Structure formats: C-alpha cells, structure tokens
Amino acid sequence: MALIFDSLGITALYGGIILLMILQRIFLPGKGLLKQALLLLADVLVLSCLVPPLTILVTAVLAMFCYGVALCLQKYTARAQRRTWMFLLLTANILLLLIWWVLLKYPWPKAFLRASSGAFFADKIDLIATIGLSYIFFKLIHTLVDAYRGLLPDLNLFTFLNYIFFFPTYLSGPIDRFQNFHHWINRESLKADELFFKAAFFRIFLGVVKKFILVPFFIFYAKDYGQVHLSSVYLINVAISLFAYSFYLYFDFSGYSDLAIGVAMLLGFRAPENFDAPYRARDIAEFWKRWHISLSSILREYIFLPLVRGISKHFTWIPRLAGTICGYLVTFLLCGLWHGTTLNFVLWGLWHGAGLAVHKVWAQTPFSQKLQQVKCKTVQNAFVVISIAITFCYVSFGWLFFNYSLNQIASIQAVSRLKLTAAPHYFYGNTYTWGIRLKYRPISARDKMDIDIRAKGKSWVHYADAVNVGSGTFNVYGERRNNAVTSEFSYNNLLPGDYQLRLHYQRADRNSKQRVILPVTIPDYLEHANLTADDLEAKACRLTDTGWGIRLKYHPPTRDAKVDIEYRPLQSDSWVRYRPQHVKGFRFAHIIKVQTGHSKNQSLEPGVYCIRIRYINPKKGYFSDWTERSVHIPTGPNPSGDNKDEIS
C-alpha cells in the first residue's frame, strides 16, 4: 500500500477512484450494479499500474473457473447422493490451484520445463507476476471450501471478481472472507458514514506514521545485522538486529494493513483487522491470535482443525495431544512454504510449529495450571511480564530464519564460534600509540583473515591481508610512518572517535568468506585529565661505584595509572624512551645508560639532561601533559658541594 504514495500518478489515480466512489454513494446510493461495475473498473485500473496485464488476465480466467466450480458446489452439495462427487470436484480444484501456485512461485518447475522442451511455457509463466499471488490463492481456497460447506451467500460474478481483485487488499492483505465482502458491497449508504470517513482518515494517518516515520528508524539495523555496531560482542549485535527486525516488520506490515483498511473504508468497505498488539502476547498461541489475524484464522480453519479432526477420526490410537502437535507442525510447515520458496522459510515455519507444540505441552502440566491459579497480584504481574518477554524473544529469534538465507545463518554461527572482541588499547613497546586489540578464538590454525578499518563517516581502508589467525590476537595500530633515513618505522595514534573493523574470515576448508563488522571507540585522550606532576623530583645519583644515573620520584594520581618517561641530552633533539613503569603510590625510577651487547650498566655521560614524564590511564583513555625537569650529571666521582646527590 505504500505504492499509493510512491508516485504522483498512482496517488492521483487512488484519489480519483475514491472520489468517484464517494460521489456514487451520495448521488446513486441504491445502484448496486453500477457500484460493482465502477469498483471493478477501478480495480483493473489500479492493478494495471502494479502488475503486467497478462497477470490480470490469467488471474481473471482462473477466478472465473473457480467461480463456476463454486456455483456447482453450492448447488449440489446439499444432496447426499452428490456429496462424494462434489468432494472429489473440490479436491481436484484445490490440487489445480496448488499446481498453479507452485508453477508461479517456485523456480524448479520452470527449470524442469526448460529442460524438457517446454521453454516456451516457462517463458510465459515468467511474465506472470507473483505479487499478491499468495493472498488470491487463499481467497480462492476459502471460496471453494465454504461453497462446499454451504456457507456462502448468493454468488454473483461481479461481486466475486471484485472480491478477488479488490485493490486495497490485493498486494498484502488482509485476507477478507467472501461473506464479509458481499455484505459491504451490497450495503446501502447510511448517515453513519460520516463516522466511517473519520475512522478511515485516522487509519490512513496511522499507517503513514508507521511506514514512513517508524519503519525508517528500524530498517537500517533490521535488514542487515552487519550494520549494528552497538557492542563489541558479535552475538549481542545480532540479537539487537533481530529485535529491530521485529519492530520493523510489525510497523511495516501493520502500517500497510492500516492503509489498506483506511482506503477500503473510504470505498465503503470494512476490511478485517490484521494486528492486535502482537508483542504483548503472553505465549506463542496468543501471538498468532494477534499477528496477521486474517492469515492465522485461515490456517486454523482450513488446515489445522480439519487435520486434527481427521487424525482423531481415522487414527484413534494416536493420543489427542500428539495429533494436535502434528497439526501444529504440518500447518506451520505449510505456512513457511506459503511465505517463501527457500529452505529457511521451512525452518521458520517449523520454529513456530515447535513453539506451539511446546506451549501446548507446558499448558497441560500441573505446575503451569497451579501457576495460573495463584491469586497474588505481584506474582501474576511478574508472570505476565516474564511470559511476554520470553514470547517476544522467541518470536524475534525466529525472524532469523525469515530474514536470512541458510548461508547467512551458517555465517552467523561460524563467526559466533570465533568469540570476536575488539577494544581500544594503548600499546607499549616500540609503538607507544593508541590502537585496537582484536581477540578471537580461531576455528582452525590454517584459517586466514582480511582486515579493513574505517573511521565513522569515512571510506574503508584495507589494513591487512591473509592474516594467520593462529595466535588468537591481532593488533591494529594507527597509520604507519616510515623514516627514510633510518629505515625504521613508527605509528601515529588513532585519533579519538568511533571506528569499525571489517573482518573477512576465510575457513581453510571452505571457499566462501564470512564477514563481520565490529565497532570500536578510541577514547578522547586528547582531552587531558586534570592531572599534574608537581611532585616530580629528578636528581643525579650514584648508582654504582663508578656509574651515574638519574633518580626520579613521582606521585601518580591513581593506582591504575602508568607513566611514560623520556630523557635526552640537552644538546640533542631526540628523546629516548625509558621503560614504562607500573605505579602504586609514591614510586621511583632510575635511568641508567645500558651498554649494548653486555649486561653491565654504564654511567650516563656528564652533562645536562632533560627529563619528562606523563601519566597515562589506558582504561579511562587519557594522557596528562608532559612535565619536564633538567638534571646535571657531574664529571667527578662525587657531586660538587657537600658530597650529596645534586637535586635540580
């Protein structure tokens, strides 16, 4: 129904049709034939903008054939001697509809036709659009079965064609019953129609809010779990995406139903309700009484109940509970096949069938029955809240099979085994930079991984290719800088902000790669914490009989802080990094020149040295400013003056 607003032409067509029908109801209220002819013309005009003309023609021919069968069933099924023949006629016609539905919806019959010199027919079938096919299928089945049962009012060809092609509900329902449609198309205009119009505009407004305001809010996270970066834990992002998909699907589908019901009201029809706050359901059975109500009632009346009654009648040795469970599984297996042509829809249907079966068994346990009889309101309310939460989570997880193919689901399962986490990290050693530490549990040491990185709002940058995953960790530093003079390299810090890591995990035993995106936030270390190093003391001291060094005394601000210490001769511009210190309270550090290739320490050369220190808290993500001191290393064995250490 969102197609109403997709283009100016479609919107104008809808508006003109609605205005024409309103004028007919005001000035020619009793002309039923004129009303039906106008409505059928409107149906054909609208559908010709949505589907190819061949689709309308083929559907009309099939509908008229079913109309003739329904007339025959309605006329003769009351006679006992004809009932067997009528049942066979009904069965044959339903099988014909099933063949038609399978030919149009599934790819393998067309592939079979092309392989067996039936390419011409396969090409013609491809020209028929499947949009709205599933809803027309159930309308035809309902008409035939209710005609066989003798439950239909007088059949009229105009009424029946309007029922099949009624454009507000053609695309995605709700699935109306012929009895209800027959009542409204033959209803005369009443004074109460003013309230009808007000209700219609309210439903259209509600549908627009859902589809064009609320749906865009959820769709980005709902359609692709890889777009959710709210947690560094992969499965949490998948769960958030499934919850978002629950709300997206509800607002999208119920919004369409509101639009369809509202437009039908403007035309003088009351289409059935399709949703009733489904995520407030306390169990899976109640959920299906609130979700896609028109479909669930069709499934219950025409598949589940006849199947369970047939099992009870013809297989009396099967317990009633087992027959009910079998009915749930078969009904929702068919429901999954009705929704889609791939195996994941079968799993989705079986997921709900199994949920209904478990609920049925649970409802008959003594504990469940006693729990429902508890009179304490607090316990009752807690039970209701827990039940709603469990039902919502169960339904949301089921959308995994509805939204993703089996290959995508296998990718989620494989990546979840990696236990991927990505966190900001301050690297000590040769880099001394902010970056990202990636941790995982490799599936196989022979697997490989490609890594891309990007800042928020930027394009992807390839970082590493075919990384061997055997170590279980991988460090992502900032931008690499090469020194042309010394041939050494170092890294810039990653600037504070939000980053994403994109991993392409290649299993050694498979050709496909699994993709996962992990969010990481580098802390705002450029915003210096309110720290000072005023207590820093630096002095020359004799550390050995012949060696001089520098002794530092400092007072760290927190017990989990670390320090960076660097020094340089006054005449040099190059700072030398001293080893990082873990600090607890007042701490000391001694700077001594280390002789390369030997284990002995050497005295610092005489002269003036600059010392600088800064505090770091990697957990909280800050640096303090550098604080500098100068120290003089003497030439003699003792400091000048009173034979004590010289303090700058």
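(A) Empty space enclosed by the protein, seen in detail. For the coordinates displayed, the defined rule picks out two cavities of 30 Å³ or more. The space that makes up the largest cavity amounts to roughly 40 Å³. Looking at the largest cavity, the residues that line it are T55, T59, W100, L104, I128, A129, I131, L133, I136 and Y170. Breaking the lining of the largest cavity down by element, the ones donating at least two residues are α3 (53–76), α4 (83–105) and α7 (133–149). Split by residue class, the lining of the largest cavity holds eight nonpolar, two polar and no charged. Its boundaries defined by the atoms lining it, the second largest cavity holds a volume of some 30 Å³. Y225, G226, V228, Y234, N237, V516 and I517 together form the lining of the second largest cavity. Sorting the residues of the lining of the second largest cavity by element identifies α11 (234–266) and β9 (513–522) as the ones contributing at least two each. When the residues that make up the lining of the second largest cavity are grouped by side-chain class, the tally is five nonpolar, two polar and no charged.

(B) Seen up close, the packing of aromatic side chains. All told, the structure shown has 51 aromatic pairs when counted by the stated rule. Their ring planes at 80° and their centres at 5.5 Å tell us that Y135 and W338 sit as a pair that is edge-to-face. Separated by 203 residues along the polypeptide, Y135 in helix α7 and W338 in helix α14 (residues 320–339) bring together distant segments of the chain. Of the two residues, Y135 and W338, both sit in the buried class. Looking at K139, its charged tip hangs above the ring of Y163, at a distance of 5.1 Å from the centre. The positively charged end of R502 is found above the aromatic ring belonging to W460, 4.2 Å away from the centroid.

(C) Broad picture of the side chain of D176. Relative to the elements of secondary structure, D176 occurs in the loop between α8 (157–165) and α9 (178–185). No salt bridge is formed by the buried D176. Its closest oppositely charged neighbour is K139, at 6.8 Å. A distance of 3.0 Å separates the side chain of D176 from the side chain of N180, its partner in a polar contact. With residues near it in sequence (within four places) discarded, D176 still touches K139, Y163, F181 and P272.

Rules and cut-offs
Residues numbered from 1 in each chain as written. Predicted model: local features only at pLDDT ≥ 70, side-chain atom pairs only at ≥ 80, totals over all residues. Heavy atoms only, no water. 1 Å grid on protein atoms, 1.4 Å probe; cavity = no way out; pocket = protein on both sides within 12 Å on 5 of 7 lines; lining within 4 Å. Points joined across faces, edges and corners; volume = space filled by probe spheres on them. Helix = DSSP H or I, 4+ residues; strand = E, 2+ residues; numbered from the N terminus. Nonpolar A, V, L, I, M, F, W, Y, C, P; charged D, E, K, R; others polar. Phe/Tyr/Trp six-rings, centres within 6.5 Å; stacked < 30°, edge-to-face > 60°. Buried < 20%, exposed > 50% of the residue type's maximum accessible area, 1.4 Å probe, protein only. Lys NZ or Arg CZ within 6 Å of the ring centre and 35° of its normal. Lys, Arg positive; Asp, Glu negative; His and termini not counted. Salt bridge = Lys/Arg side-chain N within 4 Å of Asp/Glu carboxyl O. Polar contact = N/O pair within 3.5 Å; in protein donor to acceptor, adjacent residues only side chain to side chain. Contact = heavy atoms within 4.5 Å.

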